[in-house]
Amino acid sequence: MSTGEKLQLWGGRFESGPSAIFESFSGSLHFDKRLADCDIRGSQAFARALERAGILTASEREQLVTAFDQMRIDARTPAFYEGANDEDVHTLIIRKLKERVGGLAGKIHTGRSRNEQVSLDTRLWLRETIDESRALVKAFLTELLALARRHQGAVIPGYTHLRRAQPVLWEHYCLAYFEMFARDDERLAQARARVNLCPLGSGALAGSGFPFDREAIAADLGFAGITRNSMDVSGDRDWALDYLYAASTLMLHLSRLSEDWILYSSDEFAWMDLGDGVTSGSSLMPQKKNPDSLELIRGKCGRVFGSLTSLFVTVKGTPMTYNRDMQEDKEPLFIAADQINGSLAMIAEVARTVVLKPAAPAEAAEVSWAVATDVAEALARNGTPFHEAHKLAGRLVLHSLRNGMKPADWTPEKLAAFAPEFTGAMAALMDPAEGMKSRQVPGGTAPERVAEALAEALARMETIGV
Ligand code: ARG
């Protein structure tokens with residue numbers, strides 16, 4: 001074959017070549033070219049393994065590794081891919097190698113299969129991608145904690161059923177999301193640990209017939225260890241699914257946070273402002289300031305959850321081991337990674353612009369009788385059985401609603417006169433900031449607990465993304 005001519009890694013037993021329609025249907029270069037750098041690095045490590053196994057001389061290995069070094073640089077420019085119609089990125093890289101080193105290129109695939117190569121390349125790529133995502137989670141959590149501290153001490157209504165439920169501190173609310181995203185970071189780290197094993201040496205499915213030192217290859221590529229079973233390597237993609245699940249859950253949390261802030265910044269809630277830089281106007285309605293950045297984060301969930309579903313369905317029902325179906329694993333990974341990384345950068349930017357208008361949520365917490373639980377619990381603390389206390393506090397709310405009274409309208413005298421179980425001192429509980437002081441359990445919204453939790457979260461930042 002002359003240089004530049006189409007290279008095929010498998011044509012020998014065929015009397016004629018693939019049809020044009022099969023070629024274009026089955027080709028993956030248009031998306032797996034994203035793995036080019038990983039493919040080249042993997043091949044460099046493999047060249048060193050071939051030397052250790054006595055298949056390449058030191059000078060042959062040197063020639064290959066040097067050619068690959070140059071190729072890594074070239075592969076960063078679009079010209080490298082111009083006019084290429086190779087079956088996949090692995091074929092492209094070998095063709096380019098042949099153009100550069102001639103017949104020696106024919107030795108690089110000794111004892112290696114694309115089935116393990118595709119697993120290797122994807123693992124290398126995913127390992128780096130996870131590191132990027134975790135750095136973005138960390139950057140966002142830094143902004144979230146800064147936002148919590150900017151409005152430290154603000155009282156907001158906590159919601160259940162999207163109805164005002166009990167007063168909580170603003171930073172307690174922010175820290176709830178901190179916990180979710182800290183677990184997302186942990187899940188990404190766990191997925192990384194399963195990705196971070198070297199499959200090289202597995203061959204097509206049965207293990208290589210050449211005496212490769214698999215541990216040495218793994219160390220060369222910075223893997224924590226080697227995979228244990230060659231059939232498992234070509235047959236499974238659960239490590240990719242682990243990542244997609246972690247990405248989906250992260251996206252789910254981003255979506256819920258976006259939904260909150262879309263609501264809180266609406267005219268109906270009116271207790272949060274979003275910056276001009278992360279909102280858009282309307283081409284028709286001059287007064288509009290729309291939370292498009294948050295809506296897009298919420299909207300992009302479809303692609304990420306779709307990617308998880310897509311790979312689940314792709315792998316389901318494929319017989320052991322490799323099947324070409326598995327080529328469909330890469331696009332869902334690329335889509336999910338791009339969407340979570342883009343969304344994380346966006347939410348960090350939104351968080352930087354968020355301004356809480358504390359008087360509004362404080363009033364919302366008060367007028368809605370979110371303090372009713374505090375009243376019922378105070379009665380129970382004074383010896384009234386809780387069921388009775390609950391009923392009495394409910395009566396107080398009903399009476400107030402019928403008579404147009406807000407909690408603040410209850411003076412100690414009026415309250416003591418309402419029913420014998422009430423004391424004048426309980427009138428203090430009509431301030432939403434008061435009752436929360438009793439929520440002293442670890443994890444509760446009492447100001448001391450929240451201050452501790454905030455300090456702890458700041459300290460935990462050291463362990464996030466690393
Ligand atoms: N492009 C293929 C993929 O992504 C590479 C492996 C091809 N192996 C094969 N036996 N046809 O899965």
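Residues numbered from 1 in each chain as written. Predicted model: local features only at pLDDT ≥ 70, side-chain atom pairs only at ≥ 80, totals over all residues. Heavy atoms only, no water.

**As for helix α15 (residues 386–402)**
The test is simple: Segments assigned H or I by DSSP are reported as helices when at least four residues long, segments assigned E as strands when at least two residues long, and all are numbered from the N terminus. Expected span of a helix: the number of residues minus one, times 1.5 Å. Exposure is judged per residue with a 1.4 Å probe applied to protein chains only, and the accessible area is read against the type maximum: over 50% gives exposed, under 20% gives buried, and values in between give partly exposed. Comment: arc refers to directions from the helix axis out to C-beta atoms. Residue contacts are defined here by distance: any two heavy atoms, one from each residue, within 4.5 Å place the two residues in contact.
An ideal rise of 1.5 Å per residue puts 24 Å on 17 residues; α15 measures up with 24 Å between its terminal C-alpha atoms. Regarding α15, the residues found buried are Ala389, Leu392, Ala393, Leu396, Val397 and Ser400. In a view along the axis of α15, the buried residues occupy a sector of 140 degrees, so they form one face of it. Counted as exposed and oriented over 90 degrees from the buried face of α15: His387, His390, Leu401 and Arg402. Its buried side turned inward, α15 meets α14 (372–381) and α16 (412–418).

**Side note on the pattern of salt bridges**
For the record, the criterion: Think of a salt bridge as a Lys or Arg side-chain nitrogen and an Asp or Glu carboxyl oxygen that are within 4 Å of each other.
Applying the stated rule across the entire model yields 31 salt bridges. Between glutamate 62 and arginine 61 there is a salt bridge; the shortest N-O distance is 3.2 Å. Arginine 298 is the salt-bridge partner of glutamate 259, the closest N and O atoms lying 2.4 Å from each other. One end of the pair, glutamate 259, is in helix α10 (residues 238–264); the other, arginine 298, is in helix α11 (residues 292–315), with 39 residues separating them in the sequence. Judged by its relative accessible area of 30%, glutamate 259 is partly exposed. One salt-bridge network, held together by shared partners, links Asp37, Arg41, Arg72 and Glu128.

**Regarding the packing of aromatic side chains**
Condition: The criterion for an aromatic pair is that two Phe, Tyr or Trp rings (for Trp, the six-membered ring) have centres within 6.5 Å, with stacked assigned to planes under 30 degrees apart, edge-to-face to planes over 60 apart and tilted to the rest. Criterion for a charge above a ring: Lys NZ or Arg CZ within 6 Å of the ring centre, and within 35 degrees of the ring normal.
Counted by the stated rule, this structure contains 17 aromatic pairs. Aromatic pair phenylalanine 140 and phenylalanine 181: ring centres 5.0 Å apart, planes at 90 degrees, arrangement edge-to-face. Taken together, the residues phenylalanine 140 in helix α6 (residues 114–150) and phenylalanine 181 in helix α7 (residues 170–195) connect sequence positions 41 residues apart. Of the two residues, phenylalanine 140 and phenylalanine 181, neither departs from the other in class, the shared state being buried. Between tyrosine 264 and phenylalanine 269 the ring centres are 5.6 Å apart and the planes differ by 45 degrees, which places this aromatic pair in the tilted class. Ring pairing ties together the aromatic residues Phe140, Tyr159, Trp170, Tyr173, Tyr177, Phe181, Tyr264, Phe269 and Trp271, which thus form one cluster. The ring centre of tyrosine 81 lies 5.6 Å from the NZ or CZ of lysine 33, which sits over that ring.

**Considerations on the pairing of strand β1 (residues 155–160)**
The following threshold applies: Note on pairing: DSSP must find at least two bridges between two strands before they are called paired.
In the sheet, β1 pairs with strand β2 (residues 163–169) via six bridges, with the strands oriented antiparallel. Bridge assignment links valine 155 to a residue of β2, and that residue is leucine 169. Counting the residues between successive antiparallel strands, the hairpin from β1 to β2 contains two residues, one of them, histidine 161, with a positive phi of roughly 55 degrees.

**Let's talk about the site of the ligand**
Note the cut-off: Proximity criterion: a residue is near a molecule or strand once any of its heavy atoms comes within 4 Å of it. Between N or O atoms, a polar contact is any pair within 3.5 Å; within protein, one atom must be a potential hydrogen donor and the other a potential acceptor, and residues adjacent in sequence are included only when both atoms are from side chains. Using the Shrake-Rupley algorithm and a 1.4 Å probe, accessible areas are obtained, with residue cover drawn only from the displayed protein chains. All amino acids are sorted into three groups, where Ala, Val, Leu, Ile, Met, Phe, Trp, Tyr, Cys and Pro are nonpolar, Asp, Glu, Lys and Arg are charged, and the leftover types, Gly among them, are polar.
What surrounds the ligand is the set Ser28, Asp88, His90, Arg114, Asn115, Val118, Tyr322, Gln327 and Lys330. Interatomic distance of 3.0 Å between a side-chain N/O atom of asparagine 115 and a nitrogen atom of the ligand. Glutamine 327 places a polar side-chain atom, nitrogen or oxygen, 2.8 Å from a nitrogen atom of the ligand. Against a free-state accessible area of 350 Å², the protein chains account for coverage of 86% of the ligand. Sorting elements by how many residues they give to the shell around the ligand places α6 first, with three residues. When the residues that make up the shell around the ligand are grouped by side-chain class, the tally is two nonpolar, four polar and three charged.

**Observations regarding the nonpolar core**
Short version of the rule: Put simply, a nonpolar core is a bunch of buried Ala, Val, Leu, Ile, Met, Phe, Trp, Tyr and Cys residues held in one set by side-chain atoms that sit within 4.5 Å of each other.
Core analysis: the biggest nonpolar cluster contains 112 residues, and Trp170, Phe178, Tyr243 and Trp261 have the highest contact counts within it. If you tally residues by element for this core, the top one is α10, at 14 residues. Counting 21 residues, the second-largest nonpolar core is a separate cluster that includes Ala372, Leu392, Ala393 and Ala427.

**Quick word on the environment of valine 101**
With respect to the element layout, valine 101 can be found in helix α5 (residues 89–101). According to the relative accessible area criterion, valine 101 is buried, its value standing at 15%. In sequence terms valine 101 and threonine 66 are 35 residues apart; their C-alpha atoms lie 10.0 Å from each other. Here valine 101 is in contact with Gln63, Leu64 and Ala67, once residues within four sequence places are set aside.

**Concerning the side chain of serine 28**
Residue position: serine 28 is located in the loop between α1 (20–26) and α2 (29–32). What serine 28 contacts, discounting residues up to four positions off in sequence, is Glu87, Asp88 and Gln327.

**So, the environment of glutamate 99**
Note on placement: glutamate 99 falls in helix α5. Judged by its relative accessible area of 33%, glutamate 99 is partly exposed. With 257 residues separating them along the chain, glutamate 99 and leucine 356 place their C-alpha atoms 62 Å apart.

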